[in-house]
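One letter stands for each residue in the lines below.
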Amino acid sequence: MINILKILFVIFIMLAMCEKIHSQACCTAGTSSLGGVFRSIVPVNNLSIIAGYENNYLGASFDGRKKIYDPLKRSATVSYLTLQVEYGISEKVSVLAITSYTYRERNTTVTSPSDNSLQDVKFSGQGFGDIILLGKYEIVTPDFFSPFVFAVGGGAKLPVGDFRKEDNGSRLPIDLQPGTGAPDLLLWSYLSNSFTSLSLSIYGNLLYRYAGTNLQGYKIGDELLVALGANYNFTEYLTFSLQLRSRFANADYARRTLPSTGGTSSDLFIYLNYIEGKYLLGVYTMVPLYRNTRGIQLTNSQVLGVQLQYLVDLNN
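Values in this document were obtained by computation on a predicted structure and should not be read as measured data.

(A) Spotlight on the pattern of salt bridges. What the rule picks out here adds up to twelve salt bridges. Measuring nitrogen to oxygen at the nearest pair gives 3.5 Å for the salt bridge that ties Asp 184 to Lys 157. Of this pair, Asp 184 sits in strand β10 (residues 184-195) while Lys 157 sits in strand β7 (residues 149-158), placing them 27 residues apart in sequence. Residue Asp 184 shares its accessibility class with Lys 157, and that shared class is buried.

(B) Looking closely at the pairing of strand β13 (residues 238-249). In the sheet, strand β12 (residues 223-233) pairs with β13 via eleven bridges, with the strands oriented antiparallel. Within the sheet, the bridge partner assigned to Ala 227 lies in β13 and is Arg 245. From the end of β12 to the start of β13, which pair antiparallel, there are four residues. The pairing of β13 with strand β14 (residues 263-276) spans twelve bridges and is classified as antiparallel.

(C) Quick peek at the packing of aromatic side chains. Overall, the coordinates contain nine aromatic pairs when judged by the stated rule. Where Tyr 279 meets Tyr 310, the ring centres are 5.0 Å apart and the plane angle is 40°; that geometry is what we call tilted. Here Tyr 279 is found in strand β15 (residues 279-293), whereas its partner Tyr 310 is found in strand β16 (residues 296-313), with 31 residues between them in sequence. For Tyr 310, a relative accessible area of 27% translates into the label partly exposed. Through successive ring pairs, a cluster of aromatic residues spans Trp 188, Tyr 190 and Tyr 203. Positioned above the aromatic ring of Tyr 210 is the side chain of Lys 219, whose terminal nitrogen or guanidinium carbon lies 4.7 Å from the ring centre.

(D) Inspection of the layout of surface pockets at higher detail. Estimated volume of the largest pocket: approximately 1,300 Å³. Lining the largest pocket are 43 residues, with Phe 38, Arg 39, Asn 231, Leu 280 and Gln 309 positioned closest to its centre. Those elements that provide at least two residues to the lining of the largest pocket are β1 (46-63), β10, β11 (200-211), β12, β13, β14, β15 and β16. Of the residues forming the lining of the largest pocket, the biggest block, five residues, is contributed by β15. The class makeup of the residues in the lining of the largest pocket is 20 nonpolar, 19 polar and four charged.

(E) Representation of the environment of Asp 267 in the model. You can see Asp 267 is positioned in strand β14. Taking the relative accessible area as the measure of exposure, Asp 267 reaches 7% and is therefore buried. Taking C-alpha positions, Asp 267 is 8.2 Å from Gln 243, a pair spaced 24 residues apart along the chain. Non-local contacts of Asp 267, meaning those with residues more than four positions away in its chain, are made with Gln 243, Leu 244, Arg 245, Met 286, Val 287, Pro 288, Leu 289 and Arg 291. Of the polar contacts made by the side chain of Asp 267, one reaches the side chain of Arg 291; its length is 2.9 Å.

(F) Fine view of unusual backbone geometry. Of note in the backbone geometry, Asn 45 takes a positive phi value of approximately 60° without being a glycine. Considering the arrangement of structural elements, one finds Asn 45 in the loop between α1 (2-18) and β1. Owing to a relative accessible area of 26%, Asn 45 belongs among the partly exposed residues under this scheme.

Rules used throughout
- Residues numbered from 1 in each chain as written.
- Predicted model: local features only at pLDDT ≥ 70, side-chain atom pairs only at ≥ 80, totals over all residues.
- Heavy atoms only, no water.
- Salt bridge = Lys/Arg side-chain N within 4 Å of Asp/Glu carboxyl O.
- Helix = DSSP H or I, 4+ residues; strand = E, 2+ residues; numbered from the N terminus.
- Buried < 20%, exposed > 50% of the residue type's maximum accessible area, 1.4 Å probe, protein only.
- Pairing = 2+ DSSP bridges.
- Phe/Tyr/Trp six-rings, centres within 6.5 Å; stacked < 30°, edge-to-face > 60°.
- Lys NZ or Arg CZ within 6 Å of the ring centre and 35° of its normal.
- 1 Å grid on protein atoms, 1.4 Å probe; cavity = no way out; pocket = protein on both sides within 12 Å on 5 of 7 lines; lining within 4 Å.
- Points joined across faces, edges and corners; volume = space filled by probe spheres on them.
- Nonpolar A, V, L, I, M, F, W, Y, C, P; charged D, E, K, R; others polar.
- Contact = heavy atoms within 4.5 Å.
- Polar contact = N/O pair within 3.5 Å; in protein donor to acceptor, adjacent residues only side chain to side chain.

Right, dumping it as structure tokens:
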């Protein structure tokens, strides 16, 4: 009972913090699949490798909380190929690295300057994105008497991805670039509790990103990612998970606060995982729940993803 009260208290603090954060930009798909962020540390001398693919379709335009018809008929697709590697360097510490290759495409309707006719145009950019490095420290470790887990961590996003790509001689906007060109600082926390008799576990997760400014003077808005989830084990091999994920961020900035950036989004992620030995194969999708944009923005309306995890114990 005490452990349940601990979780409810921390969840309350999470939600209270969210009310004080400015809104998240909804004009891009945002963070790619971050499987390693939504769990505690990897055991000492264990190596976790996750390869994943995620496709995001942005097809709904919002002005504040109101869904609107987009006169430009805009739509976008963002696809990620991700590789996540995590190693347990001690009984309480592990280090996670995430890299990705992204493909971003945006379709819109423009007016021809020659005859004022409407034309459908497409812009796209692809390449290796920035790298995330995150260190985790497990403060409260589960044992025979208590299954409660609490961990904290920190790290950085390294600006190794290209942010100067062009299409037909024109510089692509920042939301179509593989990288941002700026380093970010990351703060992370995680807590969970298991109920063995119910084959159920619940968890909460926070990831705060303090964004830097790139050489062009562009700063993407700071971001807070909050996740609350539950995992249920159907059998020894099959698990089902639900995750409520919300994103909050300040507006982007380039010499001034930029319009049509910033907003809040909440989504329900549904996971189905098959586990056998050292391998985990998972598929997931997203159900959009809430949008509150700052100005008119194109928002994420569909996510489909798949992940394959390999966990190896290097002690053997």
